Every structure is written in structure tokens, then in C-alpha cells.
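# Observations on the model geometry
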Amino acid sequence: MTDHVKIKEAIVDAVAELDEDKVIQLAEQALHEGVMPEELLATVNQGMLIVGRRYEAKEYFIADLIMAGLIFKEVLGLKRMQELFYSKNKKKIGKIVLGTVRGDLHDIGKDIFRGFAETNSFEVIDIGVDVPKETFLKKIQEHKPDILGMSGILTYTVDTMKEVVDALQEAGLRDTVRVIVGGGHLTASTADYIGADGFATDAYEGVKICLQWMKSAHQGEG
Ligand code: B12
């Protein structure tokens, strides 16, 4: 068995170069050759990190970030990836209200979390991006989820996430819902500052935390 090093390197390069056609062609080929969809996502993500670094170094501009986002979404839209994510699953084990917080338009990580959560039998109510605290509150009252998932990729979203948790507290809803926050910049101490119950820098790790929560809740019932 090969670990597909060459094709993965080629994908990272093609994403970094924003070569849309090449990324899609290589992604299809990689899936065909047995690269797992999760591995493909991690590989594309490596390319995105290079795009981010080039943007910081002013070699790339906003249009290039937009292009990178479109390329990632195209990969997520491939049939094989859709099969991974949106397998309409049997009985639901819990409900998650999910959104990217106010001021932040990045939705790729959120969508990946949603995909993994749905595959793991959660019902996910995705309330989109740039979501203000009032909307989070309203949706929690309306749907009574087990878990609130907040995504934030820009560093300052730490404060926007905290605003939502504080608003939940003020509304007397904090104890009705577990809160998980996700974003590459988060740490245990920022999650603590936000007042979240859990955090993850990786969507799949986040879903594992949610599964654990549902398991302990059901044990509590029994
Ligand atoms: C694509 C992109 C964009 C696209 C987004 C398209 C889209 N539909 O999402 C567009 C063009 C809109 C964009 C805009 C901007 N961007 Co931008 N963008 C990126 C880029 C290149 C990739 C982001 C991405 O999708 N990564 C792939 C996904 C999979 O990773 P992720 O989102 O982090 O998600 C992972 C985890 O965070 C986690 N996760 C995410 N959500 C959740 C939720 C839960 C519940 C859990 C458990 C886990 C979880 O799981 C995922 C992995 O499994 C990054 C570079 C980088 N280093 O990431 C910059 C980057 C994030 N952008 C940046 C900036 C500065 C901007 C702009 C301010 C630029 C500008 N001057 O206008 C604007 C802000 C717009 C706004 N208000 O949001 C900076 C942020 C700097 C900072 N420290 O805050 C970065 C890091 C680039 C850089 N190095 O400078 N951007």
C-alpha cells in the first residue's frame, strides 16, 4: 500500500498555486486511487495554509483568498465527498445549532464540521455566517438544541463568541445547551475565556467531543 505522498504533494502545490482545474483533476484522481476523503480535506487544508501565508506576505490578495475558498468548496462538492458528508442517516442522536459568529464570513470549516456531525447522526441547524448573538439566542429558543456550535476563523471572534455565551447566561439559557467553539486560532485558555464547554481546531475532533457529550447525557438518563 502506498501513502499517496506524491499526489498529495501535487494537490498541496496546486491549491497553493490556485490552479483550480488541476486541483479538481488531482482530487478526483486521488479519491480514485484510494485516498480517503478525510485525508483529501487535510491535504487541501495544507494548501490553504500556504495561500494564507502568501496573503500575509502580500504575495496574494483578497481575490486570491476568494479563489482559494471557491476551490475548497469545489472539492467539498465532489460526488465522493458528498457521499462522505451527507449520507442521510438513520436515527438522530442529538441536535446542534451551528453558525459562524458575527463579523466572520469564513464558512468552509463550519461546513466541514456540519458534514462530519451529520454523518455521525446529529441533526444540524446551520444558521449561516456573520451571525449576531440575538440570532443565536433566537435559534436556541426555537430549536432547543443539545449543542451550540460556533465557528470563528478570524482571531477577534474570541470576543464575539464570548458575547454569545454571555448573552445565553443573561437569558437564563446557558445550562440548557453545551457550547463547542471551533477555529484554528483557539486554545484551551481562549475557550475558557469564552466560557465554552469545549473547543477544537479540527472539525472531526469537535464532533468526537459532541459524541462524547451525547454519550454521557444518555448515561445520565439511564
Ligand atoms: C478562503 C479564505 C477566505 C475566504 C473565505 C471563503 C469562505 N467561503 O469561507 C474569503 C475571501 C471570504 C476571506 C476573507 C477574509 N479573510 Co480569509 N482566509 C481564507 C483562507 C485562505 C482559508 C480559510 C479556510 O477555509 N481554511 C480551510 C478550513 C477547513 O479551515 P478552517 O476554516 O480553519 O476550519 C478548520 C478549523 O478551524 C475547525 N473548525 C472551523 N469551524 C469549526 C466549528 C466547530 C464547531 C468546530 C468544532 C471546528 C471548526 O475545523 C476545520 C478543520 O477541520 C485563510 C488562510 C488560513 N490559514 O486558513 C484566510 C484567513 C483566515 N483570512 C484572513 C483574513 C485577514 C481575511 C480578511 C479580513 C481579508 C480582508 N482584508 O478582507 C477577510 C475577512 C472577511 C470576513 N469578515 O470574514 C486571515 C485571518 C487572520 C486573523 N488572524 O484573523 C487568514 C488566516 C489569512 C492570513 N494568513 O492572513 N478569506
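Residues numbered from 1 in each chain as written. Predicted model: local features only at pLDDT ≥ 70, side-chain atom pairs only at ≥ 80, totals over all residues.

## A few points about the overall build of the protein
- Looking only at helices and strands, the protein features 10 helices and five strands.
- Relative to the 2.2 N^0.38 estimate, which gives 17 Å for 222 residues, the radius of gyration of the protein is 18 Å and therefore close to what a compact globule would have.
- Taken across its 222 residues, the protein has 36% of its residues classed as buried.
- For the protein, the proportion of contacts with a sequence separation of at least 24, taken over those separated by at least 6, is 72%. (Helix = DSSP H or I, 4+ residues; strand = E, 2+ residues; numbered from the N terminus. Rg over C-alpha atoms; globule rule 2.2 N^0.38 Å. Buried ≥ 20, exposed ≤ 12 C-beta atoms within 10 Å, placed from the backbone. Contact = placed C-beta atoms within 7 Å.)

## Topic: helix α8 (residues 157-170)
- End to end, α8 covers 20 Å across 14 residues, agreeing with the expected 20 Å (1.5 Å per residue, within 8%).
- Among the residues of α8, Thr157, Thr160, Met161, Val164, Val165 and Leu168 are the ones counted as buried. Across the axial projection of α8, the buried residues extend over an arc of 140 degrees, all falling on one side. Residues Gln169 and Glu170 are exposed on α8 and point more than 90 degrees away from its buried face.
- The secondary structure elements touched by the buried residues of α8 are α7 (133-143), β3 (147-151), β4 (178-182) and α9 (188-194).
- Looking one or two residues beyond α8, the residue adopting positive phi is glycine 172, at roughly 75 degrees. (Expected span 1.5 Å × (residues − 1). Arc of directions from axis to C-beta.)

## A short note on the domain arrangement of the protein
- Under the domain assignment, the protein is made up of domain 1 (5-83) and domain 2 (86-221).
- On a C-alpha basis, the centroid separation for the pair domain 1 and domain 2 is 26 Å.
- Each side of the interface is counted separately: domain 1 has eight residues, and domain 2 has six residues.
- When residues of the side of domain 1 that touches domain 2 are traced back to their parent elements, those giving at least two are α3 (37-56), α4 (62-76) and α5 (79-85).
- Here the side of domain 1 that touches domain 2 is built from residues that sort into three nonpolar, two polar and three charged. (Domains from an automatic or database assignment. Nonpolar A, V, L, I, M, F, W, Y, C, P; charged D, E, K, R; others polar.)

## Topic: the site of the ligand
- Inspection of the region around the ligand gives 37 residues, with Gly52, Gly69, Gly109, Gly182 and Gly206 positioned closest.
- Breaking the shell around the ligand down by element, the ones donating at least two residues are α3, α4, α6 (108-119), β3, β4 and α10 (203-221).
- No other element matches α3, which puts seven residues into the shell around the ligand.
- For the shell around the ligand, the residue count by class is 18 nonpolar, 14 polar and five charged. (Near = placed C-beta within 6 Å.)

## Examining the nonpolar core
- Judged by nonpolar contacts, the single largest core of 52 residues is most densely connected at Ile11, Val15 and Val181.
- Broken down by element, this core gets its largest block of residues, five residues, from α6.
- When residues of this core are assigned to domains, at least three map to each of domain 1 (5-83) and domain 2 (86-221).
- The residues touching isoleucine 11, leaving out its near neighbours within four places in the chain, are Val23, Leu26, Ala27, Ala30, Thr43, Val44 and Gly47. (Core = buried A, V, L, I, M, F, W, Y, C linked by C-beta atoms within 7 Å.)

## Brief notes about the packing of helix α1 (residues 5-16) against α3
- The contact between α1 and α3 brings their axes to 8 Å, and the two run at 35 degrees. Here the hand of the crossing between α1 and α3 comes out right-handed. Contacts from Lys8, Ile11, Val12, Val15 and Ala16 of α1 reach α3 at Thr43, Val44, Gln46, Gly47, Met48, Ile50 and Val51.
- Here the contact of α1 with α3 is built from residues that sort into eight nonpolar, three polar and one charged. (Axes fitted to C-alpha atoms, helices over the stretch in contact; angles between N-to-C directions. Left-handed = near helix turned anticlockwise from the far one by under 90°.)

## A closer look at the packing of α3 against α4
- Relative orientation of the contacting elements α3 and α4 amounts to 175 degrees, with a least axis distance of 10 Å. The orientation of α3 relative to α4 falls into the category roughly antiparallel. Here Leu40, Val44, Met48, Val51 and Tyr55 of α3 lie close against α4, whose contacting residues are Asp64, Leu65, Ala68, Phe72 and Val75.
- For the contact of α3 with α4, the residue count by class is nine nonpolar, no polar and one charged. (Parallel < 35°, antiparallel > 145°, perpendicular 65-115°, else oblique.)

## Considering the pairing of strand β2 (residues 122-126)
- Sheet topology places strand β1 (residues 94-100) next to β2; five bridges connect them, and they run parallel. Bridge pairing in β2 links glycine 94 to phenylalanine 122. (Pairing = 2+ DSSP bridges.)

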